[in-house]
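# Understanding the architecture of this molecule
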Amino acid sequence: MKYRSEIDGLRAIAVLSVIFAHANFATFGGGFIGVDVFFVISGYLITTIILGEYAQDSFSLASFYQRRARRILPALFFVLLCTIPFAWMWLLPDAYQSFSKSFIMATLSVSNIYFLRKADYFAPEAAEVPLLHTWSLGVEEQFYVLFPLLFLFRLKTRTIFRIVLVVALASLIASEFGARYYPSANYYLLPTRAWQILCGSLCAFFAHGRTRPVNGTLSLAGLGMVLVAVFLFDPTTRVPSLAALLPVAGACLFLLFASRDTIAGRVLSLSPLVWIGKISFSAYLWHQPVFAFWRIRSLEPPSQWTMAGLIIVVFILAALSWRFIEQPFRYGKASLPRVACVVVACVAGLTGFASWGVFKEGLPFRLAPDVRTFVENTSWSERCLFQVKDDSPDVPDKECIFNAGTAKTYAIWGDSIGASLAPALQDALLKRGAGLVQLTHGYCAPIIAVSTGRAEGAVNCDDFNRRAMAYLLQSNVDTVVLTAFWVNFFNAPYVRIDNAEYPTRDTFIPDIERHFRETIETLKAGGKRVLVIYPSPLFDKSIKDVMAAQIIKGEAVPSFEYPTADFKAVTAKSYSILDAAVPSGVTKVLPEMVFCGQQAAQMCFFGRDGVAYIADRGHYTKAGATMVVDQLMSEMGEAEKASAMAVETN
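For clarity, every value in this text was computed on a predicted model and none was experimentally measured.

Reading the values: the criteria
Residues numbered from 1 in each chain as written. Predicted model: local features only at pLDDT ≥ 70, side-chain atom pairs only at ≥ 80, totals over all residues. Heavy atoms only, no water. Axes fitted to C-alpha atoms, helices over the stretch in contact; angles between N-to-C directions. Helix = DSSP H or I, 4+ residues; strand = E, 2+ residues; numbered from the N terminus. Parallel < 35°, antiparallel > 145°, perpendicular 65-115°, else oblique. Left-handed = near helix turned anticlockwise from the far one by under 90°. Contact = heavy atoms within 4.5 Å. Nonpolar A, V, L, I, M, F, W, Y, C, P; charged D, E, K, R; others polar. Core = buried A, V, L, I, M, F, W, Y, C linked by side-chain atoms within 4.5 Å. Buried < 20%, exposed > 50% of the residue type's maximum accessible area, 1.4 Å probe, protein only. Pairing = 2+ DSSP bridges. Salt bridge = Lys/Arg side-chain N within 4 Å of Asp/Glu carboxyl O.

On to the packing of helix α2 (residues 34–55) against helix α6 (residues 135–146), then. For any two helices packed against each other, the geometry is given by the interaxial angle and the distance between the axes. The interhelical angle for the contact between α2 and α6, taken along N-to-C directions, is 25°, at an axis separation of 11 Å. Classified by the interaxial angle, the pair formed by α2 and α6 is roughly parallel. For the crossing formed where α2 meets α6, the hand is right-handed. Residues V35, F38, F39, S42 and I46 of α2 form the contact with α6, whose own contacting residues are W135, S136, V139, E140, F143 and Y144. In terms of residue class, the contact of α2 with α6 is built from 8 nonpolar, 2 polar and 1 charged.

Further remarks concern the packing of helix α3 (residues 61–90) against helix α16 (residues 336–359). α16 packs onto α3 with a crossing angle of 30° between their chain directions and a minimal axis gap of 10 Å. The orientation of α3 relative to α16 falls into the category roughly parallel. Our pair here, α3 against α16, has a crossing hand that is left-handed. Across the interface between the two elements, A62, Q66, R70, L73, F77, L81, I84 and W88 of α3 pack against L336, V339, V343, C346, V347, L350, F353 and W356 of α16.

I19, W135, F151 and F291 are the most contacted members of the largest nonpolar core, which has 116 residues in total. It is α2 that provides the largest number of residues to this core, a total of 12 residues. Once you skip the residues sitting within four places of it in the chain, I19 turns out to touch A283, H287, F291, I311, V314 and F315. In this structure, W413, F490, I512 and L578 belong to the second largest nonpolar core, which totals 90 residues.

Right, let's talk about the pairing of strand β12 (residues 603–608) for a bit. Summarising the sheet, strand β10 (residues 560–563) and β12 pair through 4 bridges and their orientation is antiparallel. Bridge pairing in β12 places Y562 opposite C604. Pairing of β12 with strand β13 (residues 611–612), which is carried by 2 bridges, proceeds in the antiparallel orientation. What sits directly across from G607, in β13, is A612. If you look at the hairpin formed by β12 and β13, you'll find 2 residues sitting between the two strands, and D609 has a positive phi there, around 50°.

We now examine the pattern of salt bridges. By the definition in use, this model includes 18 salt bridges. Between D94 and K544 there is a salt bridge, with the nearest N and O atoms lying 3.6 Å from each other. A residue pair is termed long-range when its members are at least 10 positions apart, and D94 in helix α4 (residues 93–107) and K544 in helix α22 (residues 543–552) qualify at 450 residues. K541 is the salt-bridge partner of E128, the closest N and O atoms lying 3.2 Å from each other. Taken as a pair, E128 in the loop between α5 (111–118) and α6 and K541 in the loop between β9 (529–533) and α22 lie far apart in primary sequence, 413 residues in all. The exposure class of K541 is buried, given its relative accessible area of 9%.

Glancing now at the sheet that holds strand β7 (residues 494–497). Strand order in this open sheet of 3 strands is β5-β7-β8, and the pairing throughout is antiparallel. The sheet terminates laterally at β5 (450–452) and β8 (500–503), the two strands that pair on one side only. Neighbouring strand axes in the sheet, compared pairwise and without regard to direction, differ in orientation by 30° on average. Pairing of β5 with β7 involves 3 bridges; the strand directions are antiparallel.

Bringing the sheet that holds β13 into the picture now. Sheet architecture is open: 3 strands sit in the order β10-β12-β13, paired in antiparallel fashion. Pairing within the sheet leaves two strands with one partner each, and these edge strands are β10 and β13. Sheet strands touched by helix α23 (residues 564–581): β10 and β12. Its angle to β10, the strand with the most contacts, is close to 65°.

The quantities given are spatial measurements derived from coordinates; they are silent on function.
This is how it looks when you write it as structure tokens:
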């Protein structure tokens with residue numbers, strides 16, 4: 001295959017888009033589609049090579065796999081190995097255990113399947129997942145295992161082309177369906193990504209056996225389509241889907257019609273872009289670990305200047321690994337058996353070491369005793385927190401009814417925030433001789449017919465909430481406490497209302513408010529007293545991680561201060577929606593009063609004297625939950641006094 005420098009230039013555009021997007025440069029909101037462009041390029045190049053060998057009757061599956069192993073695995077294994085010391089030094093046990101799991105999956109080329117259930121690619125916390133980017137390598141490597149098998153049956157090239165075309169169309173249709181109903185699986189898995197790689201393959205079939213047409217207008221249009229997607233798409237754009245045809249078709253047009261004789265080809269053949277394209281694979285491998293570990297280690301979000309400096313570091317590392325790892329192994333003379341033995345040995349060694357971190361629960365011995373004690377004492381309760389994997393749990397589950405048979409029974413209804421508060425509420429009610437029913441499901445705010453649209457964890461929320469409401473109305477529950485991760489919920493990019501999905505824009509907020517008001521009014525009409533717990537912020541970093549880092553730096557009893565102004569800014573939208581939705585007479589419990597004080601203090605405390613009140617970025621520890629519950633009991637007591645006085649007056 002003749003070398004085309006402009007393809008390396010297109011690789012440069014793709015990798016720069018991804019890196020700048022992950023550096024949070026706002027202009028590159030759609031930079032994640034650089035991965036889609038990589039898929040197209042990969043499909044085009046490998047299919048071109050296979051078709052050339054197939055035409056000469058020299059195609060060998062073993063040789064193909066050996067070339068792919070030489071191209072991908074040395075650099076991947078080297079970068080994985082380099083991440084271990086930083087994970088060892090800086091990750092707390094839970095994070096290290098998760099890192100170890102992702103490490104194993106990346107080594108085995110199935111990290112896309114792992115991250116499907118573990119990480120939302122566009123969630124803020126994803127920026128601190130060092131190996132999240134390896135999902136795309138999993139997709140490509142799975143494709144490389146399957147695609148060459150088509151050529152083993154000695155079918156006519158035209159027949160293979162037709163099969164590829166049909167599979168690509170089926171994959172495209174599946175991706176449009178998946179984008180609407182299964183967004184995480186759609187994003188991470190090969191069946192809905194295959195069409196992007198196969199589009200590159202179809203380009204190779206089109207160009208095979210004929211002189212490739214060169215067209216400056218079409219190649220420039222293709223480059224323009226890619227750039228439009230980079231600058232106009234954002235994380236709310238459904239990709240892969242029909243929308244992804246814009247960058248994918250653009251990449252195809254460029255591959256088919258560009259050359260150094262066209263304007264687009266000349267631009268992308270400039271030496272700096274070609275150089276970046278050559279080292280793009282190593283740059284892609286390095287960027288996420290470098291960014292993630294910096295964010296993990298830093299107590300503050302990195303500035304744009306910091307990210308610019310880290311990008312320079314990424315390209316230095318990429319140049320070194322390209323020169324001393326990629327090139328020697330890719331063009332070495334080792335035989336196939338030797339390559340296979342080395343790969344097996346590396347996989348065994350890497351997965352074996354990572355398994356140690358998994359089975360030993362993150363190797364807590366790595367931490368100093370005071371840090372380890374703090375970490376062990378800083379957690380949140382997931383008791384009775386149901387998830388999608390639990391299918392349709394009993395509502396209520398008998399294991400989630402506490403102190404049954406008492407004169408008064410309370411219920412807490414909500415998502416994981418409710419689960420984190422429930423043990424403290426149970427303790428407080430036990431002292432009053434009252435029982436508690438816990439109705440909590442991950443991702444499910446207690447609003448009938450409303451859920452977060454793109455979270456697969458929320459797919460059965462409507463069913464869970466309707467059954468929870470039905471139970472509450474026919475039960476002897478006296479008081480219902482409603483709570484949720486409101487800031488996260490109301491800022492989700494999509495919302496599902498009455499089984500239809502919409503972007504979470506101002507135009508749909510009145511519908512959310514109406515449904516929540518109706519939920520509360522239904523409970524009140526059923527004779528239930530209702531309390532609503534307002535939100536605490538969604539923090540940029542895990543409070544446990546920040547306070548642990550302070551201990552490591554020598555602060556024996558760290559605190560976590562948070563400006564009151566930031567509290568108000570982060571929760572403003574949630575407060576506005578809740579204030580509009582919650583009817584008068586319903587008791588509101590404000591964590592702001594708990595953590596920021598009754599007066600207008602400038603700072604809120606979500607950790608004090610070595611005790612964290614939030615375990616991660618939003619869930620209450622037992623200490624924090626106790627403080628909120630104390631406020632809840634105080635507000636409820638005041639409401640009871642006011643009600644009694646009103647009765648006496650009448």
